[in-house]
Amino acid sequence: MPAYSQCIECKLAATVCVMVAEGKPCLGPVTQAGCGNLCPACDRGCFACFGPVETPNMSALSERLKALGMDARSLQHYYRLFTNNAPAFREASKAHESVSPE
Amino acid sequence: MSQSAQSDTRVIEVNALARVEGEGALYLRVHDGAIADLKFRIYEPPRFFEALLEGRDFRDAPDITARICGICPMAYILSACQAMEAAAGVSVTGPLRDLRRLAYCGEWIQSHVLHVFLLHAPDFLGYDDSIQLSRDHPEVVKKALKLKKLGNQVLEVIGGRAVQCTRSTSVSVACTACRAARPSRGSQTTSNGAWRRRSNSPASPPAWPSRVSMMTT
C-alpha cells in the first residue's frame, strides 16, 4: 500500500486536479491512495473510500472547502461517509457538528 | 427442502433459498397435480438506508444507495438519481438517458449471467457448484465468464468501474436537478453536468445547493 495521499496518484496519472481546476470539493488530499485514481479520473472529487492517509491535514482542507462554499453542516456530512469512524474523519466531522446550519 | 407426500397432496417447503441474493423462502402445496397454495416470501430485514440519507446533500444519495448491493448497484444508483430528479421535477432525456439505459443493460448482463450460469445451472445439471460443473463442461463456464466480463466492461466504460460505478457524467443526479433546486446560484454547469466556477468571476465560489430532507415513515 503506498504511503501517500490520493493527490499523488492524480499527479502520477497526470489527472487534472478537480478542486483546483474546477472548484469541486475533493477528499483526495487527506485520503489514502490505492484505488488507482478512480474518481478524479472520472471528473469528480474523491470521496475517501480508502480512509484517511497517515498524517492528514484536516484543518487545511476544511478551510479550503469553506472557501469553495461549503458550510459547517455540509462539512460535517462530507467527512461522514464510508470511512466516517476513522479517527481523523470522525474528529473533523465532529468539529463542525455544533455549528447551527442556518 | 422438506417434502411430505400424501395420497394426493404434496408440500414443498424451502425455508432458505440459497440461489437468490438476499433472504427468501418458498412454500408450495400441490393437490392433484395442480398448485393449491404458493407463497414466495422475502424476509430480508429493513436496511435503513433512508436514515443514512436523512439530512444529507441530495447528491450523496446515489453513492450511498449503491452500497445496498455489490451485484446490482446500478439499480440503486439510478433509482436514487431518479428519486432526486423527481423531487426537483426534472426528467432526464436524450443521450444521458441512453447512457444510463446502456449502463443498466451492462449490469443486467453481468448479474443475470451470474445468476443463470453460476448459481442455477449447477443445480439443474446435478452439480454442487460451478467449479464442479467446469470439470465436465469447461467451455460452458468459460462462455459464462466471458459474458459476465462483457457486462462488466459496459459498466467500466460508462460508469468508471464495474462495481459501484462512480463516473459523474452518467451516474449522478442530473445537473438540471441541481439547477432546479437552487436557480439563483452563482455557478453554471458544463455539458457533462459537472459544476464549474463561472469563468468570468473566478472569485465567486459555487453556491452549495440546499439539502434535501428525506421523509421517512
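Worth saying up front: this structure is predicted, and the values here are computed from it rather than measured.

1. Some details on the overall build of chain B
Here is step 1 of the chain: When its secondary structure is counted, chain B shows 8 helices and 6 strands.
Here is step 2 of the chain: Each helix and strand of chain B, placed in order from N terminus to C terminus, yields the pattern β-β-β-β-α-α-α-α-α-α-α-α-β-β.
Here is step 3 of the chain: Relative to its full complement of 217 residues, chain B shows a buried share of 24%.

2. Section: the overall build of chain A
Here is step 1 of the chain: Looking only at helices and strands, chain A features 6 helices and 0 strands.
Here is step 2 of the chain: When the helices and strands of chain A are read in sequence order from the N terminus, they spell out α-α-α-α-α-α.
Here is step 3 of the chain: With respect to the three principal axes, the spread of C-alpha positions in chain A is 40 × 25 × 20 Å.
Here is step 4 of the chain: Taking all 102 residues of chain A together, the buried fraction comes to 42%.
Here is step 5 of the chain: Relative to all contacts within chain A whose residues are 6 or more apart in sequence, the contacts with residues 24 or more apart total 50%.

3. Thoughts on the environment of B:Val113
All names here are of chain B.
Here is step 1 of the chain: Tracing the sequence through the fold places Val113 in helix α4 (residues 94-124).
Here is step 2 of the chain: For the pair Val113 and Lys146, spaced 33 residues apart in sequence, the C-alpha separation works out to 9.6 Å.
Here is step 3 of the chain: Ignoring anything within four residues of it in the chain, the contact list for Val113 reads Ala144, Leu147, Lys148 and Gly151.

4. Description of unusual backbone geometry
Here is step 1 of the chain: The phi dihedral of A:Asp43 is positive, around 70 degrees, even though this residue is not glycine.
Here is step 2 of the chain: Phi at B:Phe48 takes a positive value of approximately 65 degrees, unusual for a residue other than glycine.
Here is step 3 of the chain: Mapped onto the secondary structure, B:Phe48 falls in the loop between β4 (34-42) and α1 (49-53).
Here is step 4 of the chain: The exposed category is assigned to B:Phe48, around which 10 C-beta atoms lie within 10 Å.

5. Some thoughts on the domain arrangement of chain B
Here is step 1 of the chain: Looking at chain B, the domain boundaries give domain 1 (2-42) and domain 2 (49-171).
Here is step 2 of the chain: Between domain 1 of chain B and domain 2 of chain B, the C-alpha centre-to-centre distance is 30 Å.

6. Some details on the packing of α4(B) against helix α6 (residues 138-159) of chain B
All names here are of chain B.
Here is step 1 of the chain: In contact at an axis separation of 8 Å, α4 and α6 are set at 155 degrees when each is read in the N-to-C sense. The pairing of α4 with α6 is recorded here as roughly antiparallel in orientation. Where α4 crosses over α6, the handedness of that crossing is left-handed. Residues Leu99, Leu102, Ala103, Cys105, Gly106, Glu107, Ile109, Gln110, Val113, Leu114, Phe117 and Leu118 of α4 pack against Ala144, Leu147, Lys148, Leu150, Gly151, Asn152, Val154, Leu155, Ile158 and Gly159 of α6.

7. Some thoughts on the pairing of β4(B)
All names here are of chain B.
Here is step 1 of the chain: Within β4, only 0 of the 9 residues are buried, which leaves the element largely exposed.
Here is step 2 of the chain: Here strand β3 (residues 24-31) runs beside β4; their pairing, made up of 8 bridges, is antiparallel. From the neighbouring strand, Leu28 faces β4, where its bridge partner is Leu38.
Here is step 3 of the chain: Hairpin connection from β3 to β4: 2 residues lie between these consecutive antiparallel strands, with Asp32 at a positive phi of about 55 degrees.

Here is what the cut-offs are and how they apply
- Residues numbered from 1 in each chain as written.
- Chains lettered and ligands numbered in written order.
- Predicted model: local features only at pLDDT ≥ 70, side-chain atom pairs only at ≥ 80, totals over all residues.
- Helix = DSSP H or I, 4+ residues; strand = E, 2+ residues; numbered from the N terminus.
- Buried ≥ 20, exposed ≤ 12 C-beta atoms within 10 Å, placed from the backbone.
- Contact = placed C-beta atoms within 7 Å.
- Domains from an automatic or database assignment.
- Axes fitted to C-alpha atoms, helices over the stretch in contact; angles between N-to-C directions.
- Parallel < 35°, antiparallel > 145°, perpendicular 65-115°, else oblique.
- Left-handed = near helix turned anticlockwise from the far one by under 90°.
- Pairing = 2+ DSSP bridges.

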